[in-house]
Amino acid sequence: MALLIALFIAVPLVELYVIVQVGGLIGIWPTLALLLGVSFCGAMLLRHQGRGAWRRFNEAIAQRRFPGREVADGLLITVGGALLLTPGFVTDAVGLLLLLPPSRAIARGMLRGYVTRRFTIVGTRGPAPGPGPGRRDYDYESTAEEVDADDPRLPGTDQ
């Protein structure tokens, strides 16, 4: 929570500083034109990358495979697009990195590492009936809660 508060205070201050510095170098009107141009180009790139991610998501569903990568791409594209539409050069740079496929792959790997450290699938049953060898049905009615890694309710913890 403190990190979010710090970001909501620090990011606008950094953005204002960079905008003032760029405005001092090239003038106010070119700076405003540059900010508007980057936002417009960002919107076009967001539309293009978003359509591609939606197409890949639908292909994964049609192939009956879990669309984890496609969902992560969609999330990163949405965040990147929002950052590009936000006025400022620093957020534009981060948004552009999230919209370009090579750097998005790096961000997706970092997101996967974060998620796998935070969540554990516990208590899945054996193969479910249906087509395909070893198919598992993960459609359970349940609730979730965050637990520590040494929680005695987790399998493999002897406490």
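Going by the structure above, here's the rest.
Everything numeric in this text was worked out from a predicted model, so none of it was measured.

## Here's the deal with helix α1 (residues 2-26)
End to end, α1 covers 36 Å across 25 residues, agreeing with the expected 36 Å (1.5 Å per residue, within 8%). Directly after α1, the chain includes Gly-27, whose backbone phi takes a positive value near 100°.

## Details of helix α5 (residues 101-118)
Between its terminal C-alpha atoms α5 stretches 25 Å, which fits the 26 Å expected from 18 residues at 1.5 Å a residue. Those residues of α5 not exposed but buried are Ser-103, Arg-104, Ala-107 and Arg-108. All buried residues of α5 project into a common sector of 145° when viewed along the axis, lining one side. Projecting away from the buried face of α5 at angles above 90 degrees are the exposed residues Pro-102, Ile-106, Met-110, Arg-112, Thr-116 and Arg-117. Where α5 is buried, its residues touch α2 (28-62), α3 (68-85) and α4 (89-99).

## Comments concerning the pattern of salt bridges
Going through the model one piece at a time under the given rule, you end up with five salt bridges. In this structure, the salt-bridge partner of Asp-73 is Arg-56, at a minimum N-O distance of 3.9 Å. Taken as a pair, Asp-73 in helix α3 and Arg-56 in helix α2 lie far apart in primary sequence, 17 residues in all. Overall, Asp-73 belongs to the buried group, its relative accessible area being 4%. With its nearest N and O atoms 3.4 Å apart, the salt bridge here joins Asp-73 to Arg-104. Of this pair, Asp-73 sits in helix α3 while Arg-104 sits in helix α5, and the two are 31 residues apart along the sequence. The pair Asp-73 / Arg-104 is uniform in exposure class, with both members buried. Three or more residues are tied together by salt bridges with common partners; here these are Arg-56, Asp-73, Arg-104 and Arg-108.

## Some details on unusual backbone geometry
Not every positive phi belongs to a glycine, and Arg-64 is a case in point at roughly 60°. Within the secondary structure layout, Arg-64 lies in the loop between α2 and α3. Given a relative accessible area of 64%, Arg-64 falls into the exposed group.

## Quick word on the packing of α2 against α3
Packing of α2 against α3 leaves a shortest axis separation of 9 Å and a crossing angle of 170°. As far as their axial angle goes, α3 and α2 are roughly antiparallel. Residue-level contacts link Val-38, Ser-39, Gly-42, Ala-43, Leu-46, Gln-49, Gly-50, Ala-53, Arg-56, Phe-57 and Ala-60 of α2 to Glu-70, Val-71, Asp-73, Ile-77, Gly-81, Leu-84 and Leu-85 of α3. Tallied by class, residues from the contact of α2 with α3 come to ten nonpolar, five polar and three charged.

## A few points about the packing of aromatic side chains
Inspection of the entire model under this criterion finds one aromatic pair. Note on Trp-54 and Phe-57: the rings are 5.6 Å apart at their centroids and 20° apart in plane angle, and the pair reads as stacked. Residue Trp-54 and its partner Phe-57 are both found in helix α2; the two are separated by three residues, about one turn of the helix. Given the relative accessible area of 56%, Trp-54 is considered exposed. On the basis of relative accessible area, Phe-57 is assigned to the partly exposed category, the value being 24%.

Parameters at a glance
- Residues numbered from 1 in each chain as written.
- Predicted model: local features only at pLDDT ≥ 70, side-chain atom pairs only at ≥ 80, totals over all residues.
- Heavy atoms only, no water.
- Helix = DSSP H or I, 4+ residues; strand = E, 2+ residues; numbered from the N terminus.
- Expected span 1.5 Å × (residues − 1).
- Buried < 20%, exposed > 50% of the residue type's maximum accessible area, 1.4 Å probe, protein only.
- Arc of directions from axis to C-beta.
- Contact = heavy atoms within 4.5 Å.
- Salt bridge = Lys/Arg side-chain N within 4 Å of Asp/Glu carboxyl O.
- Axes fitted to C-alpha atoms, helices over the stretch in contact; angles between N-to-C directions.
- Parallel < 35°, antiparallel > 145°, perpendicular 65-115°, else oblique.
- Nonpolar A, V, L, I, M, F, W, Y, C, P; charged D, E, K, R; others polar.
- Phe/Tyr/Trp six-rings, centres within 6.5 Å; stacked < 30°, edge-to-face > 60°.

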